Structure formats: structure tokens, C-alpha cells
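What follows is the residue order along each chain.
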Amino acid sequence: MDDLSQISTFLEAQSAELGASQNTLLAYARDLKDLAGWLGSQNKSFAAATRDDIEQYLIACDADGLSNATRSRRLSATKQLFRFLFEEGLRDSNPAIEIKGPSKSKKLPSTLSSKEVEQLISAAANVGKSPNDRLRNLCLMELLYATGMRVSELVSLPIAATRGNPDMLLVLGKGGKERMVPLSGQAKDALNNWLDIRADIDEQNRQKKLPVSKFLFPSRGKLGHLTRHAFYLLIKDIAVKAGIMPRKVTPHVLRHAFATHLLENGADLRVIQTLLGHADVSTTEIYTHVLEERLKSLVLKHHPLAK
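Just so you know, these numbers come straight off a predicted model, no measurement behind them. (Residues numbered from 1 in each chain as written. Predicted model: local features only at pLDDT ≥ 70, side-chain atom pairs only at ≥ 80, totals over all residues. Heavy atoms only, no water.)

### A short note on the pattern of salt bridges
- One pass over the structure, following the stated rule, counts 13 salt bridges.
- With a closest N to O distance of 3.5 Å, Asp-31 and Arg-74 form a salt bridge. Taken together, the positions of Asp-31 in helix 2 (residues 22-41) and Arg-74 in helix 4 (residues 68-87) put the pair 43 residues apart, joining distant regions of the chain. Each of the two residues, Asp-31 as well as Arg-74, counts as buried.
- Here Glu-98 and Arg-51 are joined by a salt bridge, their closest N and O atoms 3.2 Å apart. Note that Glu-98 is positioned in the loop between helix 4 and helix 5 (114-124) and Arg-51 in helix 3 (residues 51-63), a separation of 47 residues in sequence. (Salt bridge = Lys/Arg side-chain N within 4 Å of Asp/Glu carboxyl O. Helix = DSSP H or I, 4+ residues; strand = E, 2+ residues; numbered from the N terminus. Buried < 20%, exposed > 50% of the residue type's maximum accessible area, 1.4 Å probe, protein only.)

Structure representation (C-alpha cells):
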């Protein structure tokens, strides 16, 4: 098989055996096609690549100015590909097995204050062409901040997960792993108002003998639900309405705000790990600066020698 065929076979295995999401598969495809293109420029292929070739590729990525995170992701995709090729007997060795990537940055992503989040949620109720759109947008923002879901998890949420006026939602996360996330009273109210509208829409579709969507936030697009890109653009409009610089606001920033605000108010780091769906607590530890700042504040406020 040529390199592109091997990438295709690898992606099929990732999807079938590990339940990799469409977003993950697209990322693997981009990274591995970039590797194949670089090897091709060196008159090499996956079949003939050596450890030195892969290390030279990573050096070239660094020279191109790619971030540590991007280079780490490309190395991860490379390692998984060559492990697959070795295990499937398509190579007699794994040249990537001992290669170490750049250290991961512990820099905390930007976040928002509680007041700014309140402004965004208030603004969401006034953004949209119709009353139905405005109720949907408010529900999206309330659920995102109340649960800390990834944007892909939110937009693809099945309506079945919300039946029965739940206090918690069952979310399907990365790698097909399920987790429960609680709902605040405010988020439940927004959800119930949107569900009433969704029930009316479903009934209208039944009367017209049209298919009823299985998604909480349906769309006429190919995926059948609101896309990440569409929500990204929507949240920028909401930021403008709220009087907040749009560059400060993304769906992922709301996820960081969820975690940061919980920690500021005393939540345990392990609880945050569970709610965010992080497989390893080391991923969640980027938020420990919040704990450090709170402890410092307590000492300065209460220790007699800090006066």
C-alpha cells in the first residue's frame, strides 16, 4: 500500500476499534498527510522511514514555527500510525517508539470573570432572528457554562439525554466515554423552555411527514445538528451584544471559565477532572494556579504575621 492508503486503513481502524470521533479522525488525517508530504519531499515513505527521518520531520515542524502543542499532536499521530503498521505486519519495526516530543505547556488558557459570563448569558436571550432562535441560544449558553461540556459534546447532544426533566445529563465524551454532568436551576429552566419549543417543532414535522431530529439542537446540514463552526460564530455575536471583545470569547473559554469558577469557590480538583471528562488529572492541573491564589489570599488575610 502507498502512504495515503495506509493512512486510510489506520483511520478506519481508529474509527471501528476505538470509536474515534470525526473531529479526531480529521485531525489525524491532516497531521499524517503532512508527514507523508514531508517524507515524499525526501524521497521516503512510511515503509522506509527511520527514526532519524521522523526526528528530522519534527525539527522541520519546529523550524516552521509550529507550537509545542501542535508538534506534540503530530508526534502522537505519528506514533500511533507506526505502532499500527507494526502490529498489522505492514512494517517489521516501529521507528517512532522511543521518540520523545516537546514538553507540554502548562500555561493557563484565557478565561472570563463571573460578571462577564453573566453578561454573555443575558445577551444570548436577545440574540437571534426569532423568539425560537433566542430561546435556543440562551439554552446553549446556559448548558455550556453550567456543565463545562466540550463544544462538540454540546452541539451533538441527543434530545434523549434530556428527557424526564433531569437534574443531570449523560454526556458522550472523547473515546466514547460517558460521564454525568449536573444542571443548575437556571440551566434547567432554559433547557425546559427550549424543549417545549422542540416538542412543537417535532409535532409540526410529524404532521408534514418530515423526519424528527434526534438532536437537541437540530440543523438542516449534513450532520443533522448545529455545527461547531456555526456555534463559534454565534458566540461571537453574543459577545458583541454583551459588550465584550469577541476575541476574548470562544466556546472553549466558557469551558475554562466553568472550571476556574468552580475552583475559586472551593471545588476539589478531582471533581473538576470528572466533570470536564479529563482522562488524566495532569490535564486538569493547569487550573491549580487558582488554588494557589486562593491559599495565598487566605494566608494574607488570616495569618497574624501577614498584617
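### Quick notes on the packing of aromatic side chains
- Evaluated as defined, the whole model comprises five aromatic pairs.
- Arranged with centres 5.7 Å apart and planes meeting at 65 degrees, the rings of Phe-10 and Phe-84 form a pair that is edge-to-face. Of this pair, Phe-10 sits in helix 1 (residues 3-18) while Phe-84 sits in helix 4, placing them 74 residues apart in sequence.
- Residue Phe-10 is classed as buried on the basis of its relative accessible area, which comes to 0%.
- Measuring from centroid to centroid gives 6.3 Å for Trp-194 and Phe-217, while their planes differ by 15 degrees, and the two rings are stacked. Highlighted residues: Trp-194 in helix 8 (residues 185-207) and Phe-217 in the loop between helix 8 and helix 9 (228-242), separated in sequence by 23 residues. Across the pair, exposure class does not vary: Trp-194 and Phe-217 are buried alike.
- Site record: aromatic cluster; members linked through ring pairs are Phe-10, Tyr-28 and Phe-84. (Phe/Tyr/Trp six-rings, centres within 6.5 Å; stacked < 30°, edge-to-face > 60°.)

### Remarks on the packing of helix 6 (residues 131-147) against helix 10 (residues 251-264)
- Relative orientation of the contacting elements helix 6 and helix 10 amounts to 45 degrees, with a least axis distance of 7 Å. Considering the angle they form, helix 6 stands oblique to helix 10. Mapping the contact onto sequence places Met-141, Leu-144, Tyr-145, Ala-146 and Thr-147 in helix 6 and Pro-251, Leu-254, Ala-257, Phe-258 and His-261 in helix 10.
- Here the residues of the contact of helix 6 with helix 10 sort into eight nonpolar, two polar and no charged. (Axes fitted to C-alpha atoms, helices over the stretch in contact; angles between N-to-C directions. Parallel < 35°, antiparallel > 145°, perpendicular 65-115°, else oblique. Contact = heavy atoms within 4.5 Å. Nonpolar A, V, L, I, M, F, W, Y, C, P; charged D, E, K, R; others polar.)

### Section: the pairing of strand 2 (residues 178-182)
- Where burial is concerned, the two faces of strand 2 differ: the one with Arg-179 and Val-181 is buried and the one with Glu-178, Met-180 and Pro-182 is not.
- Two elements, strand 1 (residues 168-172) and strand 2, share five bridges in a ladder whose sense is antiparallel. Following the sheet pairing, Val-171 is matched in strand 2 by Arg-179. (Pairing = 2+ DSSP bridges.)

### Describing a nonpolar patch on the surface
- Taken together, the side chains of Met-168, Leu-170 and Met-180 present a nonpolar region at the surface, about 240 Å² in accessible area.
- Turning to its location among the elements, Met-180 is positioned in strand 2.
- With relative accessibility at 38%, the residue Met-180 sits in the partly exposed group. (Patch = residues over 30% accessible without salt bridge, like charges linked within 9 Å, V, L, I, M, F, W, Y side chains within 5 Å. Areas by Shrake-Rupley, 256 points an atom, 1.4 Å probe, with all protein chains shown as cover.)

### Some details on the nonpolar core
- Ranked by size, the top nonpolar core spans 45 residues in total, and within it Leu-120, Met-141, Leu-143, Leu-216, Phe-217, Phe-231 and Leu-254 carry the most contacts.
- At the level of elements, helix 5, helix 6, helix 7 (151-155), strand 1, helix 8, helix 9 and helix 10 are the ones that each hand at least two residues to this core.
- With seven residues, the top contributor of residues to this core is helix 6.
- The contacts of Leu-120, once residues within four sequence positions are left out, are Leu-112, Met-141, Ile-238, Ala-239, Ala-242, Ile-244, Val-249 and Leu-254.
- Of all hydrophobic cores here, the second largest spans 28 residues; its members include Ala-20, Leu-39, Ile-54 and Ile-99. (Core = buried A, V, L, I, M, F, W, Y, C linked by side-chain atoms within 4.5 Å.)

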